Amino acid sequence: PNILRIAQQGEPILAQRAANVTNLHDATIQNLIDDMQATLLAANGVGIAAPQVFISLRIIIIASRPKPRYPDAPLMEPLAMINPEICWQSPDTCTGWEGCLSVPDARAPVSRSNHLRVRYLTRKGEIIETEYVGFVARIIQHECDHLDGVLFPERVT
Ligand SMILES: O=C(CSC(=O)[C@H](Cc1ccccc1)CC(F)(F)F)c1ccccc1
Ligand SMILES: [Zn+2]
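Conventions adopted
- Residues numbered from 1 in each chain as written.
- Chains lettered and ligands numbered in written order.
- Predicted model: local features only at pLDDT ≥ 70, side-chain atom pairs only at ≥ 80, totals over all residues.
- Heavy atoms only, no water.
- Donors = N, O, S within 2.8 Å, 3.2 Å for Na, K, Ca; no water.
- Helix = DSSP H or I, 4+ residues; strand = E, 2+ residues; numbered from the N terminus.
- Buried < 20%, exposed > 50% of the residue type's maximum accessible area, 1.4 Å probe, protein only.
- Polar contact = N/O pair within 3.5 Å; in protein donor to acceptor, adjacent residues only side chain to side chain.
- Contact = heavy atoms within 4.5 Å.
- 1 Å grid on protein atoms, 1.4 Å probe; cavity = no way out; pocket = protein on both sides within 12 Å on 5 of 7 lines; lining within 4 Å.
- Points joined across faces, edges and corners; volume = space filled by probe spheres on them.
- Nonpolar A, V, L, I, M, F, W, Y, C, P; charged D, E, K, R; others polar.
- Expected span 1.5 Å × (residues − 1).
- Pairing = 2+ DSSP bridges.
- Near = heavy atom within 4 Å.
- Areas by Shrake-Rupley, 256 points an atom, 1.4 Å probe, with all protein chains shown as cover.
- Sits in = over half its atoms within 2 Å of the grid points.

Description of the coordination of the zinc ion (ligand 2)
Within the first shell, the zinc ion (ligand 2) binds the protein through Cys100 (SG), His142 (NE2) and His146 (NE2), at distances of 2.0 to 2.2 Å. Counting along the primary sequence, the residues that act as donors to the zinc ion (ligand 2) give the motif C-x41-H-x3-H. Taken together, the residues histidine 142 and histidine 146, both in helix α2 (residues 134-147) and four residues apart, mark about one turn of the helix. Take histidine 146: its relative accessible area is 1%, and that puts it in the buried class.

What follows is the structure in structure tokens.
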């Protein structure tokens, strides 16, 4: 897998709505998922969205792991979500620090739903619906915002 260049704030692609994936089993999509995962791990992030590597498709990878600022973050295998949809999110929110590989040296408290249900396609094409809470729910909301052209500074109240 390749480590890809990460788009920085100001790149138009970060403000666009990404398109649904229709050719999930193409090698280009499977290789992109591998490259996104390698890029995410090399950047020491906990999530990444395809527009951040200049591909305007609805693919995100979440890879929570404990960080100094999030000692209680769950350790999880990187998980690729294709065409993710947040089908429900709780009215109760919590505020937590966020950062972004596309907005370097910025950290800010952001209020997000504490609990959500997301439906997505796995890289094998299975349709999965799962509930998430806390930090992982935060990452999912942050990455789904990237698919809709929204960066976290726009979420700071
Ligand atoms: O690992 C990071 C680096 S920023 C990061 O991993 C973004 C994901 C993220 C970090 C923190 C909260 C929500 C999402 C990745 C991005 F930009 F591609 F979305 C981190 C930053 C602040 C708090 C906790 C962790
Ligand atoms: Zn981000």
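Picking up where we left off.
Focus: the side chain of glutamine 30
Here glutamine 30 shows up in helix α1 (residues 27-42). The exposure class of glutamine 30 is buried, given its relative accessible area of 18%. At a separation of 3.0 Å, a polar atom in the side chain of glutamine 30 contacts the side chain of arginine 123. With residues near it in sequence (within four places) discarded, glutamine 30 still touches Leu24, His25 and Arg123.

Re the layout of surface pockets
As a volume, the largest pocket reaches approximately 500 Å³. Val46, Glu98, Gly99, Cys100 and Arg107 are the residues nearest the centre of the largest pocket, which is lined by 23 residues in total. For the lining of the largest pocket, the secondary structure elements donating two or more residues are β4 (93-98) and α2. With six residues, α2 is the single largest residue contributor to the lining of the largest pocket. For the lining of the largest pocket, the class distribution of residues is 10 nonpolar, seven polar and six charged. By volume, the second largest pocket amounts to about 160 Å³. Listed by contribution, the elements that provide at least two residues to the lining of the second largest pocket are β3 (79-89), β5 (108-113) and α2.

Points about unusual backbone geometry
Positive phi, normally seen in glycine, also occurs at phenylalanine 54, with a value near 65°. Take phenylalanine 54: it is sitting in the loop between β1 (47-49) and β2 (59-62). Positive phi values are uncommon outside glycine, yet aspartate 105 reaches one of about 60°. Mapped onto the secondary structure, aspartate 105 falls in the loop between β4 and β5.

Re α1
In this model α1 runs 22 Å from its N-terminal to its C-terminal C-alpha over 16 residues, within 8% of the 22 Å that 1.5 Å per residue would give. After α1 finishes, the residue asparagine 44 shows a positive phi value of roughly 60°.

Description of the pairing of β3
It is a general feature of regular strands that their side chains alternate between the two faces of the sheet. Where β2 and β3 come together, four bridges link them in antiparallel fashion. The partner of isoleucine 62 across the bridge, within β3, is leucine 79. With five bridges joining them, β3 and strand β6 (residues 115-121) adopt antiparallel strand pairing. Pairing of glutamate 85 across the sheet is with arginine 119, part of β6.

Digging into the site of ligand 1
Lining the immediate surroundings of ligand 1 are 18 residues, of which Val46, Gly47, Gln52, Leu101 and Glu143 lie closest. In the environment of ligand 1, an oxygen atom lies 2.7 Å from a nitrogen or oxygen atom belonging to the backbone of valine 46. Interatomic distance of 2.8 Å between a side-chain N/O atom of lysine 67 and an oxygen atom of ligand 1. In isolation ligand 1 offers 510 Å² of accessible surface; the protein chains occlude 97% of this area. Here ligand 1 is seated within the largest pocket.

Coordinates in, geometry out; function isn't part of it.
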